[in-house]
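Examining the three-dimensional arrangement
Listed here are the chains, written in short residue letters.
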Amino acid sequence: MLGIRVHKHEGEKVRRKLIELDVLDKNYKVKREGDFLIFPIKERVEGFEIVETEFEPIEKRPHSYREVVDVPDYLRSLLPSSFDIIGDIAVIELPEELMEYGKQIGEAILKVHKHIKAVFAKGSAVSGEFRIRQLIHLAGEKGTETLHRENGIKLKLDVAKVYFSPRLATERMRIFKKAKEGEIVFDMFAGVGPYSILLAKKVRLVFACDINPWAVKYLEENKRLNKTPNVIPILGDVRKVAGQIKADRVIMNLPKFAHEFLREAMLSVKSGGIIHYYGFSHEDDLFGKHEEKIKTVARELGKKVKFLERRKVRPYAPYQYNIAIDFRAF
């Protein structure tokens, strides 16, 4: 192969020149010989010392597990393009046709993502009072507890015992930016505290409620981990807590059933306070039905509402979206 030999003190200047000329062969490593460097090149260049030598190829790291996984070609189109990473655990949703190749898929993910220690497949939809799903171990360690980092906070959790979605990190930061110092916040379905712990870094007080004892256990631990003594964990049914708290801001992160708790939210917000409501919608009517429900409950309580913002948070299923509606209640 052809190379350009230069003194090491000239190395960086020459490297940049070769890149500018588009002749540096980036598939091979630069060779060192004493005080000299030899750059691999794709073609001859005037004005440099040209030598012929052997170069060591650069081992290219795959960008996706799909590049290295061993599954039949006719199934490759079914391989998911993404999966959730929670701390050092990967959770992937596999179609039935790929389940028998779960071990190979898990091992491919571990090979490409060195920081991941365990891979699980979703074994069921999120369901039940505690909003958890069954998980199927595919590869790596079998433990389900992990430490997740997002938005500058640490969240300890067990992916098999609590509900947590890393895909809502941007939405949680959106609410954080809207919150104001001195506010009291009521996080109605707090889980392990991704909203509560983050908001506690800014607001005066956060009441964080959840019916899952495992979620509240981890919420207590995350409160200590992040040094947020202004988070008040509450274990119990939010229906029994509603009305006892008067908050400036209420978070309703329970998109499948939030509409059933609008009364509780409106009873817990101060007049003029803000409610962050989440739901699931078909793309044909993203906000209409939800807004009608909000207005109906407000009328029943003798209240009025003012809609502030409507947005698609993320795709949830084909033609379905997780949506957010921010509104004031008076």
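Residues numbered from 1 in each chain as written. Predicted model: local features only at pLDDT ≥ 70, side-chain atom pairs only at ≥ 80, totals over all residues. Heavy atoms only, no water.

What follows covers the overall build of the chain. Check the secondary structure of the chain and you find eight helices and 17 strands. Here the chain has a C-alpha radius of gyration of 27 Å; the compact-globule value for 330 residues is 20 Å, and the former is much larger. Across its three principal directions, the C-alpha atoms of the chain cover 85 × 45 × 45 Å. Looking at the chain as a whole, 48% of its 330 residues qualify as buried. In the chain, the proportion of contacts linking residues at least 24 apart, taken out of those at least 6 apart, comes to 60%. Working note: accessible area of the chain is about 17500 Å², and carbon and sulfur atoms make up 49% of it. (Helix = DSSP H or I, 4+ residues; strand = E, 2+ residues; numbered from the N terminus. Rg over C-alpha atoms; globule rule 2.2 N^0.38 Å. Buried < 20%, exposed > 50% of the residue type's maximum accessible area, 1.4 Å probe, protein only. Contact = heavy atoms within 4.5 Å. Areas by Shrake-Rupley, 256 points an atom, 1.4 Å probe, with all protein chains shown as cover.)

Let us look at the pattern of salt bridges. One pass over the structure, following the stated rule, counts 25 salt bridges. For the salt bridge of arginine 16 with glutamate 12, the shortest nitrogen-to-oxygen distance reads 3.0 Å. Placement of the pair is arginine 16 and glutamate 12 together in helix α1 (residues 11–21), with a separation of four residues, close to one helical turn. The class for arginine 16 is exposed, based on a relative accessible area of 56%. Two residues, lysine 156 and glutamate 145, come together in a salt bridge whose shortest N-O distance is 3.9 Å. (Salt bridge = Lys/Arg side-chain N within 4 Å of Asp/Glu carboxyl O.)

This part takes up helix α5 (residues 213–225). Taking 1.5 Å of rise per residue, the 13 residues of α5 would be expected to cover 18 Å, and the 18 Å separating its terminal C-alpha atoms lies within 8% of that figure. Residues of α5 that are buried: Ala215, Val216, Tyr218, Leu219, Asn222 and Lys223. Projected down its long axis, α5 carries its buried residues within an arc of 165 degrees, all on one side. Buried residues belonging to α5 abut β9 (145–150), β10 (153–158), α4 (194–200), β12 (205–210) and β13 (231–235). Its side-chain oxygen placed 2.9 Å from the backbone nitrogen of tryptophan 214, asparagine 212 serves as the N-cap of α5. Immediately beyond the C-terminal end of α5, within one or two residues, lies lysine 227, with a positive phi of roughly 55 degrees. (Expected span 1.5 Å × (residues − 1). Arc of directions from axis to C-beta. Polar contact = N/O pair within 3.5 Å; in protein donor to acceptor, adjacent residues only side chain to side chain.)

All right, on to the sheet that holds β13 then. If you trace the seven strands from one edge of the open sheet to the other, you get β13-β12-β11-β14-β15-β17-β16, paired in mixed fashion. Sheet topology places β13 and β16 (305–317) at the edges, where each strand pairs with a single neighbour. Across the sheet, the mean angle from the axis of one strand to that of its neighbour is 15 degrees, orientation sign disregarded. With three bridges connecting them, strand β11 (residues 184–187) and strand β14 (residues 247–252) associate as parallel partners. Its bridge partner being in β14, valine 185 is matched across the sheet by arginine 249. (Pairing = 2+ DSSP bridges. Axes fitted to C-alpha atoms, helices over the stretch in contact; angles between N-to-C directions.)

Let's shift gears to the packing of aromatic side chains. What the rule picks out here adds up to six aromatic pairs. On the numbers, 3.8 Å between centres and 20 degrees between planes, the contact of phenylalanine 280 with tyrosine 316 is stacked. Highlighted residues: phenylalanine 280 in strand β15 (residues 269–282) and tyrosine 316 in strand β16, separated in sequence by 36 residues. According to the relative accessible area criterion, phenylalanine 280 is partly exposed, its value standing at 22%. Judged by its relative accessible area of 46%, tyrosine 316 is partly exposed. Residue placement shows arginine 5 over the ring face of phenylalanine 36; its charged tip is 3.9 Å from the ring centre. (Phe/Tyr/Trp six-rings, centres within 6.5 Å; stacked < 30°, edge-to-face > 60°. Lys NZ or Arg CZ within 6 Å of the ring centre and 35° of its normal.)

Right, let's talk about the domain arrangement of the chain for a bit. Along its sequence, the chain is organised into domain 1 (2–52), domain 2 (65–143) and domain 3 (165–329). A straight line from the C-alpha centre of domain 2 to that of domain 3 covers 30 Å. If you look at the interface, domain 2 gives nine residues, while domain 3 gives nine residues. When domain 2 packs against domain 3, the two sides together hide about 720 Å² of surface, and 51% of this comes from carbon and sulfur. When the buried surface of domain 2 facing domain 3 is broken down by residue, Asp84, Phe130 and Arg131 rank first, second and third, together holding 66% of it. Across the contact surface, domain 2 and domain 3 share two salt bridges. In this structure, the salt-bridge partner of arginine 131 is aspartate 210, at a minimum N-O distance of 3.7 Å. Inspection of the region where domain 2 meets domain 3 yields two residue pairs in polar contact (both at pLDDT 80 or more). When the residues that make up the side of domain 2 that touches domain 3 are grouped by side-chain class, the tally is five nonpolar, one polar and three charged. (Domains from an automatic or database assignment. Buried area = accessible area lost by both parts, 1.4 Å probe. Nonpolar A, V, L, I, M, F, W, Y, C, P; charged D, E, K, R; others polar.)

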